[in-house]
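# A look at the structure
Letter by letter, the chains look like this.
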Amino acid sequence: RARNVGIEHASYDWILTCDADDTSRPRRVAALRRAAETQPDAKNTLFGSRFSRHPPNATARYAAWANSLSSERLFLERFRECTLIQPTWFFHRALWRSAGRYDDNGATCDDLRFFLRHVGRGGRLFRVE
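What you see is a predicted model; the values in this text were computed from it and never measured.

## A look at the pattern of salt bridges
For the structure on display, the rule yields eleven salt bridges. Shared partners join several salt bridges into a network, and the residues in it are E8, R101 and D104.

## Observations regarding the side chain of T45
By the secondary structure assignment, T45 is in strand β2 (residues 45–49). A polar contact of 2.8 Å, which involves the side chain of T45, links it to the backbone oxygen of D41. For T45, the contacting residues outside a window of four places in its chain are P40, F90, F91, L95, H118, R124, L125 and F126.

## Considerations on the packing of aromatic side chains
Under the defined criterion, the tally for this structure stands at nine aromatic pairs. A centroid spacing of 5.7 Å and a plane angle of 45 degrees characterise the contact between F91 and F114, whose relative ring orientation is tilted. Taken together, the residues F91 in strand β3 (residues 90–92) and F114 in helix α6 (residues 110–120) connect sequence positions 23 residues apart. Using a relative accessible area of 0% as the deciding quantity, one classes F91 as buried. Classification of F114 as buried rests on a relative accessible area of 0%. One aromatic cluster in this structure is built from W89, F91, Y102, F114 and F115.

## As for unusual backbone geometry
A positive phi angle, close to 60 degrees, is found at D41, a residue other than glycine. Residues other than glycine seldom take positive phi values, yet R101 does so here, at roughly 60 degrees. Of the residues examined, R101 reaches a relative accessible area of 25% and is grouped as partly exposed.

## Observations concerning the pairing of β2
Here β2 lies mainly inside the structure; five of its five residues are buried. Residues T45, F47 and S49 line one face of β2 and the alternating positions L46 and G48 line the opposite face, and both faces are buried. Note: β2 against strand β4 (residues 124–128), five bridges, orientation parallel. Looking at β4, one finds that F47 is bridged to F126.

## Some details on the nonpolar core
Membership of the largest hydrophobic core comes to 23 residues, with the highest contact counts inside it found for L46, W89, F91 and F114. Mapped by element, the contributors of at least two residues to this core are α3 (60–68), α5 (93–98) and α6. Sort the elements by how many residues they give to this core and α3 lands first, with four residues. Counting residues in each nonpolar core, the second largest holds nine residues, with W14, A35, A42 and F90 among its members.

Conventions we followed
- Residues numbered from 1 in each chain as written.
- Predicted model: local features only at pLDDT ≥ 70, side-chain atom pairs only at ≥ 80, totals over all residues.
- Heavy atoms only, no water.
- Salt bridge = Lys/Arg side-chain N within 4 Å of Asp/Glu carboxyl O.
- Helix = DSSP H or I, 4+ residues; strand = E, 2+ residues; numbered from the N terminus.
- Polar contact = N/O pair within 3.5 Å; in protein donor to acceptor, adjacent residues only side chain to side chain.
- Contact = heavy atoms within 4.5 Å.
- Phe/Tyr/Trp six-rings, centres within 6.5 Å; stacked < 30°, edge-to-face > 60°.
- Buried < 20%, exposed > 50% of the residue type's maximum accessible area, 1.4 Å probe, protein only.
- Pairing = 2+ DSSP bridges.
- Core = buried A, V, L, I, M, F, W, Y, C linked by side-chain atoms within 4.5 Å.

Now the structure itself:
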């Protein structure tokens, strides 16, 4: 629910996600913004970036797999697992509305369900390097 309230009250239409326990690389926001300005159909694209976990061995296999995906695999493996991790997302408010917002019921994995609704309706994925 808090994510939806934050997005509803955001003063800008482009939304950047970051959890309280996550850190961001110094040029991540600028790279995501540039990608959104240059990609076709940007308002229907979920942008993300590579990530690292702290401690470094936390979910090491998942991080190695997700960070190694090519642009093609990012899309092809979208129903296997979340290929763009939620704390790296950058998206337009229109995408959030089209994907049905985050679930408000308090259940776990609301980010994965949001991701699956987005790709299930033909939404695009793009990762900055």
